[in-house]
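Chain by chain, the residues:
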Amino acid sequence: MPGENVKVAVRVRPFNQREIDANSKCVIQMDGGSTTITNPHTGEKKTFTFDHSYWSHDGYNERSDSMLVPENETSVYADQQCVFNQLGRQVLDNAWEGYNSTLFAYGQTGSGKSYSMLGYGTNKGIVPIACGELFKAIDSADKSNGKQMQVTFSMLEIYNEHVRDLLTNNTKAIPGGLKVRQDRNQSFYVPDLKQLPCRDYKAIERLMEQGTINRTTASTNMNATSSRSHMVITIKFKQVFNNDRGESTTKTSEINLVDLAGSERAKSTGATGDRLREGSAINVSLLTLSSVIEALAEGNPKKTIPYRSSVLTKLLKSALGGNSKTVMIAALSPADINYEETLSTLRYADRAKKIQNKAVINLSPTEKLIHDLKSENARLLQLLASHASGGSSGMTHDKDFITADLEHLIAQNEKQMKESTMSWEQKLEDAKRGWELEHVSASDKMFSKNPYFQNVNEDPQLSGVIKKFIYEGVTMVGKCNNIDTTKKPHIALRGLGIQDHHANIMCNKSNVYADPISPNEVFVNGVKISKKTALKHGDRIKMGSNSLFLFVGFPNERKKSDDELTKKYDYNFFQNELAASLGINYDLKSKQKDASGDLGIAEVYHDYLTLMPMVAEVNAISEELQKNVSFSLFVLNLASYDSSGLEKEKEVAVKVVQQITNQVWIWSKAKFTNRKYLIEELYNNFTENPESVNDIAHEDDPFWDPVEDVYLGCAHAWLHSLAYCMPLDDQIAILNHSGKEEGHLQVSVSPCTANGIVQSDEMMILDPNDLLNKRFDIMIQIQQCIGLKWIKQNSTRGIMIKFKLYDERYGHQTRALWHVVNPRVNFQQHITVDNVDDDFLTYLHSNAVVFEVWGLQGGRVDTPDTTLDDGMIRTNTPPHSSPPSTAASFSSAEFDAMEKELEGAKHEIKSLSDQKEELFQLCRILRKENTNLKTKVKEAKKNNKNGITRPSRPKSASKSEIISKEVQNEKDKTPSSRSSSAASQGNNNVQAELGRALKRYFGDIKPIQSQMQYLLSSEMPPEPARSKHGSVKGDSYDRLRSFADVRQKDIDQLSEGFNKALLTLKSSVAATVRARKTEMQPNGSS
Ligand SMILES: Nc1ncnc2c1ncn2[C@@H]1O[C@H](COP(=O)(O)OP(=O)(O)O)[C@@H](O)[C@H]1O
Ligand SMILES: [Mg+2]
């Protein structure tokens, strides 16, 4: 019998709000059955062909009942009905014919798997439409020959390789989950799974609703567990009828509908750079599914297919390469930011279409089924007997295990035999009674009378499914299963961070108030409340670390429909609002992508919002497990590392603090995410068995890491003046990632002689070009650290300073300095530049030496043999790192979140910079003129014996233009007080004057430069005072505005300072020139 390939369909969804805000581009195109994806960076295209390519990205209208339909006849938009007609109907037809069928949805979280499978609101997905159609067909089927049609429904979830029955609302999940067993046909099944007989579509709808509620309740402990779990709905359809010979015949079909975990979890987590690899079982099923599909697609009959390696693949065994007609629907995100993931989904789908199945009609005489069961049982009983008599060898433990297994199978078979003799009507009645005992659903009366809280989940499919009604009087909110039985909460929550008695909700005839029990966390619209607070319809409530609710007020307040509210106030809205109240705010719309297509700051904001709830969760777990480790998010400002100060990259990182030892670690996003899954797993184990986490070894503990050095911040010493051979000797601020001072550093960077003798500023030159093509020696000295907060906080700590000059690969570092707040460092490093070139000069003009200050902590293992540089910079070899930017540091500095507002200021600074360059140019001309004058004076001396009597000063051998000490003696004289003198002295005076002016100028701009550095690395400050019910959009804009205003003022001040410094320089130069001119006039000299 020839096989049949797995049918594969792909479907691309519309942009979501986040993608619209980020100005996303669509990378998917479809043309008939082919789908093309374009690499947003390179423009490269890849085309795939599938059985169906569904375009659901645009070309649709939203009807008044929220249904999405094609906007006109020519629109290619594929709506839910279209997808059902082509995929779902096929599945139903198969079922009638007696074939098993499987439909599974693959794709990354948020790509639209659940939308296609289950749907949202009126946009029903394949599963509900198929169920509805199935019952319609049953109702209208010809039942004249006693034909009976039976439908049973089951719903399970696989999370962490555990199977959970979603149709039992046992709050305590069975440890280890339900068992998966193999039946006599070698296929796998879950014997203890509830299979509920259904009379009509309504019954199925009710079951699905309850299944979703149970799934949601199970996931409230941890966010987004749904994106890591697989859901399998199985509909068994049985037709019993008399065949032509009048024998009772049974035709069965199993429809499996599978909503898989987010495909992003299928990747290995090796790239996190973490000591601990995710050994977690969360990925096992998805990874195994990949291997199974890969092996099947290869089509090598000799190769064993690893079905047995995971729960999911066991259950999908017949769907993949077995007795099933199978359809895969691959959900695609259209957005450029998801390009990689979408491409990998397309490749996956491409492989899946090669899989061959062999579906057969499951038809057999009814009698035979019972006969088979009977003979199977007889065989099992015999096996059991031989085990009991010790007939088989092996360990007693194994034997017990096998015995228990066999007994279970026998019991199951007996149950099946008994059921097969029970009438269908009887089964339906039983199921109905059992259901009513377990579930009491909320009546419509309650919805139309009472206010309520409605849950909000990261997975939109699980939002709005749990409703907690509020009655008149006091409603107690507290932890589910709390120990104090006298305080059983009316609203019992199982989320992290919920206390036994967390808060009260007070309700009178017209108002509802939330009243937290101090110090428990209750947030209303993003702001933590500390006293009784009135609630309005549509308010957002957060309790503990992740229990999110939407407050639905009294019926007369409900202007917006439930649906509208749920849509507007989704999980992202909550996170935006919470972040805004922490001062983290970003208007994505105002940001355009840069040329490379990177989202830059928008991505940082996105990461921040993603990590924020994860950090809250991990903190709550840490508290519950008494780990004494706290986690906090911060934005790493890469500008602070960069020697040109131009780096605008930011990155989100997590600071981890051991609260007892005060040890600190900084975790990258990847490492934190990895650890979060491990921590969750640990917590899962803890909830199943609290002892299990007691004696976990350090090496296996996701909360633990060996001691590390922590980056505290850095101090920038700008090298500008070094280009004029002017030493820099200063106390500079050590700024941390967010631009706050961590302490100060007393450093000097000076020119020195070849044998390391520091030159004073008397060796200053007027033209940096004089340094060209010569050896240049620099001495870097770190004298002292002052006011180190790191050590003030805890005196067991220490610090170490590292720095690099130009293109040095390893740089230099001080020794470790322990326990002292103001440690004397007394470090010096002589650096020689073999041959100053243009690049190096540019580097001096626009860069700084960045002194990185690293925090050391107790328990640190000293590793003295770090490779360091030798202090020789060879400019004729190509630099190791990318060459420093040639742009003037001020003009291209970028200010996040308000570029536009600051554009003007930047221009101003640029023109000031240009003016400065012009001035230096002027100096150069003056100097030339001076040299000319000198020559002239010499000639005049020769020709005129009445000339200068004073001997000329000896010339410095190497640097002709160095201002000599002699000249410096004239320093205190002002141009006006200076009497006219001989021309050469005049020349020297001019040089001295210009030197002094330049020196003053450098002194003046020093504070401006450090202020500039501060502005570049500082964060948008949090805003403490904020109106409680203020709208987020408005707030976000206002905050941005005021932040921009403050920055604008800062910039104005800076440019004013800069202007002043320049003016002083200009007027000094002008005065010098004027004085010189007067001196040169024949009648001007006396
Ligand atoms: N074809 C579509 N048309 C309109 N909205 C869609 C479509 N597919 C997905 N969505 C929306 O995208 C969001 C994520 O979809 P969902 O199906 O929950 O993703 P997944 O189950 O893959 O995580 C939901 O808000 C959903 O309404
Ligand atoms: Mg989903």
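Residues numbered from 1 in each chain as written. Chains lettered and ligands numbered in written order. Predicted model: local features only at pLDDT ≥ 70, side-chain atom pairs only at ≥ 80, totals over all residues. Heavy atoms only, no water.

A. Fine view of helix α18 (residues 838-846). Within α18, burial applies to Phe-840, Leu-841, Tyr-843, Leu-844 and Ser-846. In the core, the buried residues of α18 are packed alongside β36 (710-718), β39 (776-786), β43 (824-833) and β44 (848-856). (Buried < 20%, exposed > 50% of the residue type's maximum accessible area, 1.4 Å probe, protein only. Helix = DSSP H or I, 4+ residues; strand = E, 2+ residues; numbered from the N terminus. Contact = heavy atoms within 4.5 Å.)

B. Representation of the packing of helix α2 (residues 80-97) against helix α4 (residues 126-140). Put simply, α2 and α4 touch, their axes get as near as 9 Å, and they point 50 degrees apart. By the angle between their directions, the pair α2 and α4 is classed as oblique. Note on packing geometry: the crossing formed by α2 with α4 is right-handed. Touching Gln-80, Gln-81, Val-83, Phe-84, Leu-87, Gly-88, Arg-89, Leu-92 and Trp-96 of α2 are Ile-126, Ile-129, Ala-130, Glu-133, Leu-134, Ala-137 and Ile-138, all from α4. Residue composition of the contact of α2 with α4, grouped by class: 11 nonpolar, 3 polar and 2 charged. (Axes fitted to C-alpha atoms, helices over the stretch in contact; angles between N-to-C directions. Parallel < 35°, antiparallel > 145°, perpendicular 65-115°, else oblique. Left-handed = near helix turned anticlockwise from the far one by under 90°. Nonpolar A, V, L, I, M, F, W, Y, C, P; charged D, E, K, R; others polar.)

C. Up close: the sheet that holds strand β5 (residues 45-49). Taken together, 3 strands build an open sheet; the order of strands is β3-β4-β5 and the sheet is antiparallel. On the outer flanks of this sheet lie β3 (28-31) and β5, each paired with one strand and no other. Strand-to-strand twist across the sheet, computed as the mean angle between neighbouring axes with direction ignored, equals 20 degrees. The pairing of strand β4 (residues 34-38) with β5 spans 5 bridges and is classified as antiparallel. Bridging from a neighbouring strand, Ile-37 pairs with Lys-46 of β5. With respect to the sheet, helix α8 (residues 339-352) is in contact with β3, β4 and β5, its orientation differing from that of β5 by roughly 35 degrees. (Pairing = 2+ DSSP bridges.)

D. Region of the structure containing the packing of helix α6 (residues 284-298) against α8. One way to put it is that α6 packs onto α8 with a least axis distance of 8 Å and a crossing angle of 45 degrees. On the basis of the axis angle, α6 is oblique to α8. Two secondary-structure elements touch here, α6 through Leu-286, Leu-289, Ser-290, Ile-293, Glu-294 and Ala-297 and α8 through Tyr-348, Arg-351 and Ala-352. Grouping the amino acids of the contact of α6 with α8 by side-chain chemistry returns 6 nonpolar, 1 polar and 2 charged.

E. Expanded view of the site of ligand 1. The immediate surroundings of ligand 1 are formed by 15 residues, with Gly-110, Lys-113, Ser-114, Tyr-115 and Tyr-120 found nearest. Taking Gly-110, its main chain carries an N or O atom lying 2.6 Å from an oxygen atom of ligand 1. Isolated, ligand 1 exposes 550 Å² of accessible area, and the fraction of that covered by the protein chains is 82%. If one sorts the elements of the shell around ligand 1 by residue count, helix α3 (residues 113-117) sits on top with 3 residues. Counted by class, the shell around ligand 1 contains 5 nonpolar, 7 polar and 3 charged residues. (Near = heavy atom within 4 Å. Polar contact = N/O pair within 3.5 Å; in protein donor to acceptor, adjacent residues only side chain to side chain. Areas by Shrake-Rupley, 256 points an atom, 1.4 Å probe, with all protein chains shown as cover.)

F. Main features of the environment of Gly-871. Along the chain, the position of Gly-871 falls in the loop between β44 and β45 (872-873). Of the residues examined, Gly-871 reaches a relative accessible area of 3% and is grouped as buried. Ignoring anything within four residues of it in the chain, the contact list for Gly-871 reads Glu-808, His-812, Gln-829, His-830, Ile-831 and Thr-832.

G. Spotlight on the environment of Lys-532. Tracing the sequence through the fold places Lys-532 in the loop between β29 (527-528) and β30 (533-535). Spatially, the C-alpha atoms of Lys-532 and Ala-514 are 5.5 Å apart, while their sequence positions differ by 18 residues. With sequence-adjacent residues up to four places away left out, Lys-532 is seen in contact with Met-506, Tyr-513, Ala-514 and Asp-515.

H. Quick look at the pairing of strand β18 (residues 248-259). Of all 12 residues in β18, 9 are buried; the element is thus mostly enclosed. Direction of pairing for strand β17 (residues 230-242) relative to β18: antiparallel, over a ladder of 12 bridges. Across the sheet, residue Val-232 finds its bridge partner in β18, namely Val-258. Taking the residues between adjacent antiparallel strands as the criterion, β17 and β18 are bridged by 5 residues, where Gly-246 takes a positive phi near 80 degrees. For β18 and strand β21 (residues 362-365), the ladder comprises 4 bridges, and the chain directions are antiparallel. Bridge pairing in β21 links Lys-251 to Leu-363.

I. Main features of the nonpolar core. Within the largest apolar cluster, 63 residues are counted, with the highest numbers of intra-cluster contacts made by Leu-745, Phe-776, Ile-799, Leu-844 and Phe-851. The element best represented in this core is helix α21 (residues 983-1017), accounting for 8 residues. Judged by nonpolar contacts, the second largest core, of 47 residues, contains Trp-55, Leu-178, Leu-316 and Tyr-348. (Core = buried A, V, L, I, M, F, W, Y, C linked by side-chain atoms within 4.5 Å.)

J. Seen up close, the pattern of salt bridges. For the structure on display, the rule yields 29 salt bridges. With a shortest N-O distance of 3.1 Å, Glu-617 and Lys-676 are connected by a salt bridge. Taken together, the positions of Glu-617 in helix α15 (residues 601-624) and Lys-676 in helix α16 (residues 669-688) put the pair 59 residues apart, joining distant regions of the chain. No difference in accessibility class separates Glu-617 from Lys-676, as the two residues are buried. One network of salt bridges, in which partners are shared, links Arg-228, Glu-617, Lys-676 and Glu-680. (Salt bridge = Lys/Arg side-chain N within 4 Å of Asp/Glu carboxyl O.)

K. Summary view of the environment of Asn-283. Relative to the assigned elements, Asn-283 resides in the loop between β18 and α6. Since its relative accessible area comes to 5%, Asn-283 is described here as buried. Distance in space between the C-alpha atoms of Asn-283 and Ser-310 is 9.7 Å, their sequence separation being 27 residues.

L. Region of the structure containing α16. The end-to-end C-alpha distance of α16, which contains 20 residues, comes to 29 Å, matching closely the 28 Å that a straight helix rising 1.5 Å per residue would cover. Burial of α16 is extensive: 14 of the 20 residues sit out of reach of the surface. (Expected span 1.5 Å × (residues − 1).)

M. Main features of the sheet that holds strand β25 (residues 491-493). Spatially, the 5 strands line up as an open sheet ordered β25-β24-β26-β27-β30, and their pairing is mixed. Every other strand in the sheet has two partners, leaving β25 and β30 as the edge strands with one partner each. For this sheet, the mean angle separating the axes of adjacent strands, direction not counted, is 25 degrees.

N. Fine view of the packing of aromatic side chains. On inspection of all chains with the given rule, the structure shows 19 aromatic pairs. Measuring from ring centre to ring centre gives 5.3 Å for Tyr-452 and Phe-469, while their planes differ by 50 degrees; the resulting arrangement is tilted. Here Tyr-452, found in strand β22 (residues 452-455), pairs with Phe-469, found in strand β23 (residues 467-469); they are 17 residues apart in sequence, far enough to count as distant. For the pair shown, Tyr-452 and Phe-469 are each scored as buried. Note on Phe-840 and Tyr-843: the rings are 5.8 Å apart at their centroids and 35 degrees apart in plane angle, and the pair reads as tilted. Separated by 3 residues within a single helix, Phe-840 and Tyr-843 lie in helix α18, roughly one turn from each other. Residues Phe-840 and Tyr-843 agree in their burial class; the two are buried. Through a chain of ring-to-ring contacts, the aromatic side chains of Phe-631, Trp-667, Phe-672 and Phe-703 assemble into a single cluster. Geometry around Phe-50 places Lys-353 over its ring, the cationic atom sitting 5.3 Å from the centre. (Phe/Tyr/Trp six-rings, centres within 6.5 Å; stacked < 30°, edge-to-face > 60°. Lys NZ or Arg CZ within 6 Å of the ring centre and 35° of its normal.)

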